[in-house]
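Listed below are the residues making up each chain.
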Amino acid sequence: MTASPSSTPADVLVLQHLFEDGPGFLGQWLDAQGVAWHLRCAEAGDPYPDSVRGYQGLAVLGGAWSANDERPTLRQAEALIREADALGIPVIGHCLGGQLMARAFGGRVERLPQPEVGWLPITRVDSPAARAWLGDAVQPTVYQWHQDGFIELPPGAELLASSSTCAHQAFALRQHLAMQFHIEITPAKIRDWLAQPGEAYPVHVLLHRDSVQDPAAMNAATLRHQPGSEAMADGIYRAWRARWQA
């Protein structure tokens, strides 16, 4: 993956919160499409730009923080999301990024009754918008790692998918897509996360076996589901790009 230097023009701005939650397949996809992109990582001390004006698309990545944490960069990300909406720039959010979109547009994010970690099925809504964004599969398997969720959608948002543990897995609002799952996931990201999963993960494996996979089950599932995830991601990112302004 090769993000462009911030001194050169780019079509896409990618906001990264933490070192371990990088662009993954999104960066690979942008490179394969020949799209120039800028990456700003909060944990690295990269200042977020004052404006998204001049970009065609905005992508917001995930991270272990809560969207409700009082961190200046989270509020800056929300301000850039709202500006992108005002300018007609399509925003795509991954996990924490989707939660920040929900907050920015008037929704609500809270801790869910139980976490989702690993390769788990979601159920796509039977609607034109859901098919346009997520594809034709009714129950795709996607990668999850979250405890919070956008429990209240923003005004005017359309629900696209749900799961047994998390009622709101994705929503569309105007030209934007917010996802609770990690469609940008790669095997390398999963290896990094399992190497340092945090103190809560072993406890969640024991308490929530229906929604939290242990490392062996997760690694086996990665071999089965990574190709389908990348195919789904390609369709999602193409739908996002189709909404960029010419």
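See the structure printed just above.
Since the structure is predicted, the reported quantities are computational estimates derived from the model, not experimental observations.

Trainee: Got a minute to help me understand the overall build of the protein in this structure?
Mentor: Helix and strand counts for the protein stand at seven helices and 10 strands. Relative to its length of 246 residues, the protein is compact, with a C-alpha radius of gyration of 17 Å against a globular reference of 18 Å. Seen along its three principal axes, the alpha-carbon backbone of the protein occupies a region of about 45 × 40 × 35 Å. Put simply, 74% of the contacts in the protein that link residues at least 6 apart link residues at least 24 apart. Of the roughly 10300 Å² of accessible surface on the protein, 52% is carried by carbon and sulfur atoms.

Trainee: Would you explain the sheet that holds strand β4 (residues 91–94) in this entry?
Mentor: The strand order β2-β1-β3-β4-β10-β9-β8-β6 describes an open sheet built from eight strands, whose pairing is mixed. Since the sheet does not close on itself, it has two edges, and those belong to β2 (37–41) and β6 (123–124), each with one partner. Strand direction decides the pairing type here: strand β3 (residues 57–60) and β4, joined by three bridges, are parallel. Within the sheet, the bridge partner assigned to Ala-59 lies in β4 and is Ile-92. Seen against the sheet, helix α7 (residues 215–242) touches β1 (12–16), β3, β4 and β10 (176–179) and runs at an angle of roughly 150° to β4.

Trainee: Looking at this structure, how should I read the nonpolar core?
Mentor: Generally speaking, soluble globular proteins have nonpolar side chains that are buried together. Within the largest apolar cluster, 32 residues are counted, with the highest numbers of intra-cluster contacts made by Leu-15, Val-52, Leu-58, Ile-81, Leu-100 and Phe-171. Counting 31 residues, the second-largest nonpolar core is a separate cluster that includes Val-12, Leu-30, Ala-170 and Trp-240.

Trainee: Teacher, can you tell me more about helix α2 (residues 72–87) here?
Mentor: An α-helical turn contains 3.6 residues, so a residue and the one three or four places further along point in the same direction. Over its 16 residues, α2 runs 23 Å from end to end, which matches the ideal 22 Å to within 8%, given 1.5 Å per residue. Of all the positions in α2, only Thr-73, Leu-74, Ala-77, Glu-78, Leu-80, Ile-81, Ala-84 and Asp-85 are classed as buried. The arc that holds every buried residue of α2, seen down its axis, measures 160°, which confines them to one face. Exposed residues pointing more than 90 degrees away from the buried face of α2 are listed as Pro-72 and Ala-86. Check the buried side of α2 and you find it contacts β1, β3, β4, α3 (96–104) and β10. Looking one or two residues past α2, Gly-88 carries a phi angle of roughly 80°, positive in sign.

Trainee: Sorry if this is basic, but what is going on with the environment of Tyr-143 here?
Mentor: Turning to its location among the elements, Tyr-143 is positioned in strand β7 (residues 141–152). Sequence spacing of Tyr-143 and Gln-180 is 37 residues, and the spatial spacing of their C-alpha atoms is 9.5 Å. Setting aside chain neighbours within four positions, we find Tyr-143 in contact with Gly-118, Trp-119, Phe-181, His-182, Ile-185, Ile-190, Trp-193 and Met-218.

Trainee: I'm lost on the packing of α2 against α3 in this one. Help?
Mentor: Their axes nearest at 9 Å, the elements α2 and α3 cross at an angle of 65°. Taken together, the axis directions place α2 and α3 in an arrangement best described as roughly perpendicular. Pair α2 / α3 crosses with right-handed handedness. Here Leu-74, Arg-75, Ala-77, Glu-78, Ile-81 and Arg-82 of α2 lie close against α3, whose contacting residues are Leu-96, Leu-100, Met-101, Arg-103 and Ala-104. Here the residues of the contact of α2 with α3 are counted per class, giving seven nonpolar, no polar and four charged.

Trainee: Looking at this model, I keep getting lost on the pairing of β3. Mind explaining?
Mentor: Both faces of the sheet carry side chains from a regular strand, because those side chains alternate between them. The alternating pattern of β3 places Gly-57 and Ala-59 on one face and Leu-58 and Val-60 on the opposite face, and all of these are buried. With four bridges connecting them, β1 and β3 associate as parallel partners. Of the residues in β3, the one forming a bridge with Leu-13 is Leu-58. The β-α-β motif built from β3, the intervening α2 and the parallel element β4 has right-handed crossover chirality.

Trainee: Help me understand the side chain of Arg-40 in this model?
Mentor: Relative to the assigned elements, Arg-40 resides in strand β2. Look at Arg-40: it is buried, it has no salt bridge, and the nearest opposite charge is Asp-46 at 6.2 Å. A polar contact is formed between the side chain of Arg-40 and the backbone oxygen of Pro-47, at a distance of 2.5 Å. Excluding residues within four positions of it along the chain, Arg-40 makes contact with Ser-6, Leu-13, Val-14, Leu-15, Gln-16, Asp-46, Pro-47, Tyr-48 and Pro-49.

Trainee: Is there a simple way to explain the packing of helix α5 (residues 187–195) against α7 in this structure?
Mentor: Each pair of packed helices gets described by two things: the angle between the helix axes and the distance between those axes. One can describe the packing of α5 onto α7 by two numbers: an axis separation of 11 Å at closest approach and a directional angle of 170°. Viewed along their axes, α5 and α7 adopt a mutual orientation that is roughly antiparallel. Contact residues: Pro-187, Ile-190 and Leu-194 in α5; Pro-215, Met-218, Asn-219, Thr-222 and Gln-226 in α7. Its residues assigned to classes, the contact of α5 with α7 comprises five nonpolar, three polar and no charged.

Each value, and the rule that gives it
- Residues numbered from 1 in each chain as written.
- Predicted model: local features only at pLDDT ≥ 70, side-chain atom pairs only at ≥ 80, totals over all residues.
- Heavy atoms only, no water.
- Helix = DSSP H or I, 4+ residues; strand = E, 2+ residues; numbered from the N terminus.
- Rg over C-alpha atoms; globule rule 2.2 N^0.38 Å.
- Contact = heavy atoms within 4.5 Å.
- Areas by Shrake-Rupley, 256 points an atom, 1.4 Å probe, with all protein chains shown as cover.
- Pairing = 2+ DSSP bridges.
- Axes fitted to C-alpha atoms, helices over the stretch in contact; angles between N-to-C directions.
- Core = buried A, V, L, I, M, F, W, Y, C linked by side-chain atoms within 4.5 Å.
- Buried < 20%, exposed > 50% of the residue type's maximum accessible area, 1.4 Å probe, protein only.
- Expected span 1.5 Å × (residues − 1).
- Arc of directions from axis to C-beta.
- Parallel < 35°, antiparallel > 145°, perpendicular 65-115°, else oblique.
- Left-handed = near helix turned anticlockwise from the far one by under 90°.
- Nonpolar A, V, L, I, M, F, W, Y, C, P; charged D, E, K, R; others polar.
- Right-handed = clockwise from strand over helix to strand, strands pointing away.
- Lys, Arg positive; Asp, Glu negative; His and termini not counted.
- Salt bridge = Lys/Arg side-chain N within 4 Å of Asp/Glu carboxyl O.
- Polar contact = N/O pair within 3.5 Å; in protein donor to acceptor, adjacent residues only side chain to side chain.

Geometry only, nothing functional implied.
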